[in-house]
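Residue strings, one per chain:
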Amino acid sequence: MSTAAGDAGALEVRVDRIRCVGTGLCAAAAPADVLIGPDGRAVPRHARAEASDRLTEAAEMCPTEALTVHLAATGELVAPLD
Ligand code: SF4
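Residues numbered from 1 in each chain as written. Predicted model: local features only at pLDDT ≥ 70, side-chain atom pairs only at ≥ 80, totals over all residues. Heavy atoms only, no water.

**Digging into the site of the ligand**
Neighbouring the ligand are 14 residues, the closest being Cys20, Thr23, Gly24, Cys26 and Cys62. In this structure the site holding the ligand corresponds to the largest cavity. (Near = heavy atom within 4 Å. 1 Å grid on protein atoms, 1.4 Å probe; cavity = no way out; pocket = protein on both sides within 12 Å on 5 of 7 lines; lining within 4 Å. Sits in = over half its atoms within 2 Å of the grid points.)

**Some points on the pattern of salt bridges**
Scanning the model with the defined rule gives three salt bridges in all. Across the pair Asp39 and Arg41 runs a salt bridge whose closest N-O atoms are separated by 3.7 Å. Using a relative accessible area of 31% as the deciding quantity, one classes Arg41 as partly exposed. Three or more residues are tied together by salt bridges with common partners; here these are Arg17, Asp39 and Arg41. (Salt bridge = Lys/Arg side-chain N within 4 Å of Asp/Glu carboxyl O. Buried < 20%, exposed > 50% of the residue type's maximum accessible area, 1.4 Å probe, protein only.)

**Side note on the environment of Ala66**
With respect to the helices, strands and loops of the structure, Ala66 is situated in the loop between α3 (53-61) and β4 (67-71). The exposure class of Ala66 is buried, given its relative accessible area of 4%. Remark: the alpha-carbon pair of Ala66 and Asp16, spanning 50 residues in sequence, is separated by 4.8 Å. Leave out the neighbours within four places in its chain, and Ala66 touches Arg14, Val15, Asp16, Arg19 and Cys20. (Helix = DSSP H or I, 4+ residues; strand = E, 2+ residues; numbered from the N terminus. Contact = heavy atoms within 4.5 Å.)

**Points about the confidence of the model for the protein**
Here the protein shows a mean pLDDT of 92. Residues at 70 or above account for 89%. Ignoring residues within four places in sequence, the model shows residues 1-6, a span with pLDDT below 50, making one contact including any to other chains. (pLDDT = per-residue confidence, 0-100.)

**Side note on the pairing of strand β1 (residues 11-15)**
Along β1, the buried face is formed by Leu11, Val13 and Val15; none of Glu12 and Arg14, which line the opposite face, is buried. Note: β1 against β4, five bridges, orientation antiparallel. Looking across to β4, one finds that Glu12 is bridged to His70. (Pairing = 2+ DSSP bridges.)

**A look at the environment of Asp33**
Relative to the elements of secondary structure, Asp33 occurs in the loop between α2 (25-29) and β2 (34-36). Owing to a relative accessible area of 12%, Asp33 belongs among the buried residues under this scheme. Along the sequence, Asp33 and Glu12 sit 21 residues apart, while their C-alpha atoms lie 9.9 Å from each other. Once you skip the residues sitting within four places of it in the chain, Asp33 turns out to touch Val43, Pro44, Arg45, His46, Ala49, Ser52 and Leu55.

**Some thoughts on the sheet that holds β4**
Spatial ordering of the open sheet is given by β1-β4-β5, a layout of three strands whose pairing is antiparallel. Of all strands in the sheet, those with a lone pairing partner are β1 and β5 (77-79), marking the two edges. Strand-to-strand twist across the sheet, computed as the mean angle between neighbouring axes with direction ignored, equals 40°. Two strands pair when backbone bridges link them, and β4 and β5 are joined in this way by two bridges, in the antiparallel orientation. Among the inter-strand pairings, His70 is bridged to a residue of β5, identified as Leu77. (Axes fitted to C-alpha atoms, helices over the stretch in contact; angles between N-to-C directions.)

Right, here's the structure in full:
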């Protein structure tokens with residue numbers, strides 16, 4: 001069982017399935033965190049993710065800003081950032 005302190009740094013990957021056009025760039029950049037679902041759109045692989053350069057890169061390279069990374073605890077956007 002996880003504690004509140006243990007969850008403090010956890011991230012949540014979100015995909016806007018309306019915006020996603022299925023380029024697959026995110027899944028190629030961060031295969032541990034994102035996969036392409038049967039309908040050709042990106043899907044978060046896990047409910048929670050760890051911060052990594054790959055995950056940040058995946059969010060930053062999405063051409064439609066469909067993939068976003070948030071602090072799980074607060075929902076604050078952490079990638080992509082301007
Ligand atoms: S990079 Fe963006 S548009 Fe391409 S599959 Fe991932 S979420 Fe969808």
